[in-house]
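One-letter residues, chain by chain:
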Amino acid sequence: MAVTIKSAKEIELMREAGRLLEIVHDEMGRMIRPGISTMDINEYGDRLIRKLGCTPNFLDYGGFPASICVSVNEEVVHGIPRKDRILKEGDIVSLDAGLIYKGYHSDAARTHAVGKIDPRIQNLMDVTKRSFFEGIRMAKAGNHLFDISAAIDDYVSRFGYGIVRDLVGHGIGTSLHEDPQIPNFREKRKGMKLIPGMTLAIEPMINMGTWKVDWLEDEWTVVTRDRKPSAHYENTILITDGEPEILTLHT
Ligand code: MG
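Just so it is clear, the structure is predicted and the values come from calculations on it, not from any experiment. (Residues numbered from 1 in each chain as written. Predicted model: local features only at pLDDT ≥ 70, side-chain atom pairs only at ≥ 80, totals over all residues. Heavy atoms only, no water.)

Trainee: I tried to follow the sheet that holds strand β6 (residues 162-163) on my own but got confused; where do I start?
Mentor: Strand pairing in a sheet relies on backbone hydrogen bonds. The paired strands run either parallel or antiparallel. Spatial strand order, β6-β10-β13: 3 strands in an open sheet with antiparallel pairing. On the outer flanks of this sheet lie β6 and β13 (230-232), each paired with one strand and no other. Sheet strands touched by helix α3 (residues 119-136): β10 (205-207) and β13. Its angle to β13, the strand with the most contacts, is close to 35°. (Pairing = 2+ DSSP bridges. Helix = DSSP H or I, 4+ residues; strand = E, 2+ residues; numbered from the N terminus. Contact = heavy atoms within 4.5 Å. Axes fitted to C-alpha atoms, helices over the stretch in contact; angles between N-to-C directions.)

What follows is the structure, given as structure tokens:
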């Protein structure tokens, strides 16, 4: 699929899709505590997306059976919500959510602590989030796509964490996944030139240990090969003439 450059009118719709998704993430974030199930989060998020007049874009995407991906501890992404998966003190939980507003998609992920967590795991979460901001410092017209990738890699590598290579960020618009693919690791090439009107989902997935991952029997859940924790942070952004605009984060 080709890379799309959004018109002013499309950008307005992307902004609204992003703004509404931020509300969903904020509300889901507030419910995180020991004792709730990963299905509780999915049901709450699904209801809220629909209440806001939108459609969850993950539900049935390639057959995914839920609206929110809920991934606990060593689960990197695409965790399937379950009634019997109960969050407990010391866990971390990554919520990946997306919605469609008037035909336009937004996509964002946050990792939350459940109660009090190990400071080493908090550091993994902090570095993952900060790596996103390091990456988008390069997300300017005239720079190249893999400048973003290299900035994320350079920052994360200082901490010795593993950068997931099997899954990457992506363009987004009238489809959830558009070109280009956006790795979170350094490439030998520069990649395409960034142009105002591109909308991109930048999403570092960072592991405490090895970068290697496995897929579980359910064919969805991605876990770290060494079963150490993993964190995920994602926003949908817009390339402009100046600084990038983060469509799914305002506060
Ligand atoms: Mg994404």
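Text resumes after the structure shown.
Trainee: Quick question: what am I supposed to make of the coordination of the magnesium ion here?
Mentor: For the magnesium ion, the protein coordination sphere consists of Asp107 (OD), His170 (NE2), Glu203 (OE) and Glu234 (OE), at 2.1 to 2.4 Å. Donor residues for the magnesium ion, ordered by position in the chain, follow D-x62-H-x32-E-x30-E. Of the two residues, His170 sits in strand β7 (residues 169-171) while Glu203 sits in the loop between β9 (199-202) and β10, which places them 33 residues apart along the sequence. With relative accessibility at 4%, the residue His170 sits in the buried group. (Donors = N, O, S within 2.8 Å, 3.2 Å for Na, K, Ca; no water. Buried < 20%, exposed > 50% of the residue type's maximum accessible area, 1.4 Å probe, protein only.)

Trainee: Please explain helix α4 (residues 145-157) as it appears in this structure.
Mentor: Residues that lie three or four places apart on an α-helix share one face, since the helix turns once every 3.6 residues. Here α4 is 13 residues long and its end C-alpha atoms lie 19 Å apart, about the 18 Å a rise of 1.5 Å per residue gives. The set of residues buried in α4 consists of Leu145, Phe146, Ile148, Ser149, Ala150, Ala151, Ile152, Asp153, Tyr155 and Val156. Summarising the contacts, the buried residues of α4 are in contact with α3, β6, β8 (178-182), β9 and β10. (Expected span 1.5 Å × (residues − 1).)

Trainee: Teacher, can you tell me more about the pairing of strand β5 (residues 104-113) here?
Mentor: Remember that side chains alternate between the two faces of the sheet whenever the strand is regular. Judged by how many residues are buried, β5 sits mostly within the fold: 9 of 10 residues are covered. Sheet topology note: the strand β4 (residues 92-101)/β5 ladder contains 10 bridges and is antiparallel. Note on β5: the bridge partner recorded for Gly98 is Asp107. Linkage of β4 to β5, two consecutive antiparallel strands, is achieved through a turn of 2 residues, within which Lys102 is found at a positive phi near 45°.

Trainee: I would appreciate a short explanation of the pattern of salt bridges in the present structure.
Mentor: Proximity of charged atoms lets side chains of opposite charge pair with each other. Scanning the entire structure with this criterion turns up 17 salt bridges. Residue Arg189 pairs with Glu187 through a salt bridge whose shortest N-O separation is 3.9 Å. The class for Glu187 is partly exposed, based on a relative accessible area of 25%. Salt bridges sharing partners connect three or more residues here, namely Glu12, Arg15 and Glu245. (Salt bridge = Lys/Arg side-chain N within 4 Å of Asp/Glu carboxyl O.)

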